[in-house]
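Listed below are the residues making up each chain.
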Amino acid sequence: MALKGIKVLEFMGLAPGPMCGTILADFGASVTVIEKIQRTVFDVMSNGKRILAVNLKTKEGVDIVKQLSNSSDVLLDTFRPGVMEKLGLGPEKLLEQNPRLIYARLTGYGQNNYNKMKAGHDINYVAVSGILSLLRRNNQPPFPPINLLGDFAGGSLLCAFGILLALLERSVSGKGQVVDTSMTQGLAYISTWLFKSRTLPIWSGEPGSNVLDGGFHFYQTYQTKDGKYMAVGALEPQFYSNLMKGLNLSEEEYSQFTDKDICKKKFQDVFLTKTQEEWCAIFDKLDACVTPVLDFDEIDKTKYHTFDNTFYRNDEGNVVPQPAPRLSRTQGISSSCKKMPKHGEHTITILREIGYSENQIKDLILSGHVYADKKSLL
């Protein structure tokens, strides 16, 4: 795989850090998760990774991490600014020991933002980025999206991208560097098109009244007879014409840019006359940018994804997406198909790899500097 041979140290955090580590693991990197002595109940992303449970409040625990960083390519820091420095694990010290290390920092606001020391969640990062102000309609308050925008798009994905850029540059210079990923800045960056297109006609009105944010009848979702939904994205005239054919409506009477409220009401009434399956049968034959709103939990069983293997079921029976993008020679393999490691499952193995003797390992476990199942000492 593309990242085979790359060693990553991931400090366990909430969703954005683990997702970044999973992206790297899915494409071949060997990821070791530094976990606290007490296991977090929120860990759902450690499949395919190794788990080392370390007490970072002790010198012995910190020394273990220092030794691991010496032989690592990437360190993923998910703490607030200054935490790693207080532990003696800041980038200056670790890069001095290992000049090739890529030290990736993933935080809500970055290392220099006004809010850098404050706690936050996706809704806060989306708000401060300016994007949340657009997610509203009919003079209602902004509606918080699921935590895809800040946590994963602006955070996990941009951090993984930054790591890859640093690895690519290292192949020329031989030197590592710090990757500072702010979820707020990352989201703002991937929204560049929105910022630059605010003068276009498609954004001429208040949020919620424009072409791409649900203000028009031809870019909207509609409920069907069976309580499901269809998504309509017939922006271009040729697609709108085919939409009219599928709905059996006159384009002269309901033209694309007549009264949008009248058209929307008519579309609502028409879509309610058939089930989602019946509408799919109609629009499968028309290129109208009309698709079903597929159910999240059953999406892998639909005809739309049975041939391209976009999704699969893991051992727990959960639907999981395959890694993307797809590479022709070095395609990624989802780490989610592997079992979730137990708390401290790889502690002893990892300590052996970095040179600790059996007696030293036993002492570290019994003294509470690391965690491993004591049965393994027998």
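Residues numbered from 1 in each chain as written. Predicted model: local features only at pLDDT ≥ 70, side-chain atom pairs only at ≥ 80, totals over all residues. Heavy atoms only, no water.

### Examining the sheet that holds strand S8 (residues 229-233)
We apply this condition: When DSSP locates at least two bridges between a pair of strands, those strands are taken to pair. Put simply, DSSP marks the helices as runs of H or I at least four residues long and the strands as runs of E at least two long, and each gets a number from the N terminus on. A fitted line through C-alpha atoms represents every axis, and for helices the fit uses only the stretch in contact; the resulting angles, taken between N-to-C directions, go from 0 to 180 degrees. Throughout, a residue-residue contact means that at least one pair of heavy atoms, one from each residue, lies within 4.5 Å.
Read across the open sheet, the three strands follow the order S7-S8-S9; overall the sheet is antiparallel. Across the chains shown, the open sheet's two edge strands, defined by having one partner strand only, are strand S7 (219-223) and strand S9 (290-292). Taking each pair of neighbouring strands and ignoring which way they run, the sheet shows an average axis angle of 20 degrees. Relative to S8, S7 runs antiparallel, the two being bridged by five bridges. The partner of Gln-223 across the bridge, within S8, is Tyr-229. The strands that helix H10 (residues 260-271) touches are S7 and S8; relative to S7, the one it contacts most, it runs at about 40 degrees.

### Some points on helix H11 (residues 276-283)
Short version of the rule: A 1.4 Å probe rolled over the protein chains alone gives each residue an accessible area, and that area as a share of the maximum for its type sets the label: buried under 20%, exposed over 50%, partly exposed in between. Regarding the arc, it is the one traced by the directions from the helix axis to the C-beta atoms.
For H11, every residue scored as buried is listed here: Gln-276, Trp-279, Cys-280 and Phe-283. Down the axis of H11, the buried set is contained in an arc of 105 degrees. They therefore lie on one face. Residues of H11 that are buried sit in contact with S8, helix H9 (237-247), H10 and S9.

### Focus: the side chain of Gln-220
Using the following cut-off: Each polar contact in these results corresponds to two N or O atoms within 3.5 Å; when the atoms are within protein, one needs to be able to donate a hydrogen and the other to accept it, and residues that are neighboring in sequence are counted only if both atoms are side-chain atoms.
Relative to the assigned elements, Gln-220 resides in strand S7. Residue classification places Gln-220 among the buried positions, given a relative accessible area of 13%. In this structure the side chain of Gln-220 is engaged in a polar contact, spanning 2.7 Å, whose partner is the backbone oxygen of Gly-214. Not counting residues within four places of it along the chain, the set of residues in contact with Gln-220 comprises Arg-137, Gly-214, Met-230, Ala-231, Val-232 and Lys-264.

### Re the layout of surface pockets
This is how the line gets drawn: The way it works is a 1 Å grid over only the protein atoms, where trapped points that fit a 1.4 Å probe form a cavity and open points with protein on both sides within 12 Å along at least five of seven lines form a pocket, and then any residue with an atom within 4 Å of a point lines it. Grid points are joined across faces, edges and corners, and a volume is the space filled by probe spheres set on the points.
By volume, the second largest pocket amounts to about 360 Å³. Lining the second largest pocket are 14 residues, with Lys-228, Gln-276, Glu-277, Leu-294 and Thr-302 sitting closest to its centre.

### Thoughts on the sheet that holds strand S5 (residues 102-107)
Strand-to-strand pairing in sheets goes through backbone hydrogen bonds, with the strands running parallel or antiparallel. On the basis of which strands lie adjacent, the open sheet formed by seven strands has the order S6-S5-S4-S1-S2-S3-S12 and mixed pairing. This sheet does not close on itself; its edge strands, each paired only once, are strand S6 (178-182) and strand S12 (370-371). Relative to strand S4 (residues 74-77), strand S1 (residues 7-11) is paired through three bridges, and the arrangement is parallel. Pairing of Glu-10 across the sheet is with Leu-76, part of S4. Contacts between helix H6 (residues 148-173) and the sheet are confined to S4, S5 and S6, with S5 contributing the most and set at about 165 degrees to the helix.

### Looking at the environment of Arg-198
Position of Arg-198 among the secondary structure elements: in the loop between helix H8 (192-196) and S7. Non-local contacts of Arg-198, meaning those with residues more than four positions away in its chain, are made with Leu-134 and Trp-203.

### Describing the domain arrangement of the protein
Interfaces are often described in size by the accessible area the parts lose on coming together. In plain terms, the rule: Throughout the structure description, domain borders are defined by an automatic or database domain assignment.
In terms of domain boundaries, the protein breaks down into domain 1 (7-191 + 327-371) and domain 2 (219-293). Taken over C-alpha atoms, the centre of domain 1 sits 44 Å from the centre of domain 2.

### Here's the deal with the pattern of salt bridges
Inclusion rule: Criterion for a salt bridge: a side-chain nitrogen of Lys or Arg within 4 Å of a carboxyl oxygen of Asp or Glu.
Within the structure shown, the criterion is met by 12 salt bridges. Notably, a salt bridge pairs Lys-265 with Asp-269, separated by 2.9 Å at the nearest N-O pair. One end of the pair is Lys-265 and the other is Asp-269, both in helix H10 and four residues apart, which spans about a single turn. Here the salt bridges do not stand alone but share partners, grouping Asp-77, Glu-85 and Arg-105 into one network.

### What to know about H9
Each full turn of the α-helix corresponds to 3.6 residues, which orients residues three or four apart in the same direction. Within H9 the residues assigned to the buried category are Phe-239, Tyr-240, Asn-242, Leu-243, Met-244, Gly-246 and Leu-247. In the core, the buried residues of H9 are packed alongside S8, H10, H11 and S9.

### What to know about the packing of aromatic side chains
Put simply, the rule reads: Only Phe, Tyr and Trp rings take part, Trp by its six-membered ring, and two of them pair if their centres are within 6.5 Å. Stacked means planes under 30 degrees apart, edge-to-face means over 60, and tilted covers everything else.
Following the criterion strictly, the structure yields 10 aromatic pairs and no others. Taking the centre distance of 5.8 Å and the plane angle of 65 degrees together, the rings of Phe-11 and Phe-79 count as edge-to-face. Linking Phe-11 in strand S1 with Phe-79 in the loop between S4 and helix H3 (83-86), this pair joins segments that are 68 residues apart in sequence. On the accessibility criterion, Phe-11 (0% relative accessible area) is buried. Ring geometry for Phe-216 and Phe-218: centres 5.4 Å apart, planes at 45 degrees, overall tilted. A residue is classified by how much of its surface remains accessible, and Phe-218, at 1% relative accessible area, is buried. Through successive ring pairs, a cluster of aromatic residues spans Tyr-222, Phe-267, Phe-271, Trp-279 and Phe-283.

### Points about the pairing of strand S2 (residues 30-35)
Operational definition: When the strands point away from the viewer, a crossover counts as right-handed if the path from the first strand over the helix to the second runs clockwise.
Counted residue by residue, S2 has five buried out of six residues, so it is predominantly covered. Pairing of S1 with S2, which is carried by five bridges, proceeds in the parallel orientation. Note that in S2 the partner of Leu-9 across the bridge is Thr-32. Taking the sense of rotation as the criterion, the β-α-β connection linking S1, helix H1 (residues 16-26) and S2 turns out right-handed. Pairing between S2 and strand S3 (residues 50-54): four bridges, direction parallel. By the bridge assignment for S3, Val-33 is matched with Ile-51.

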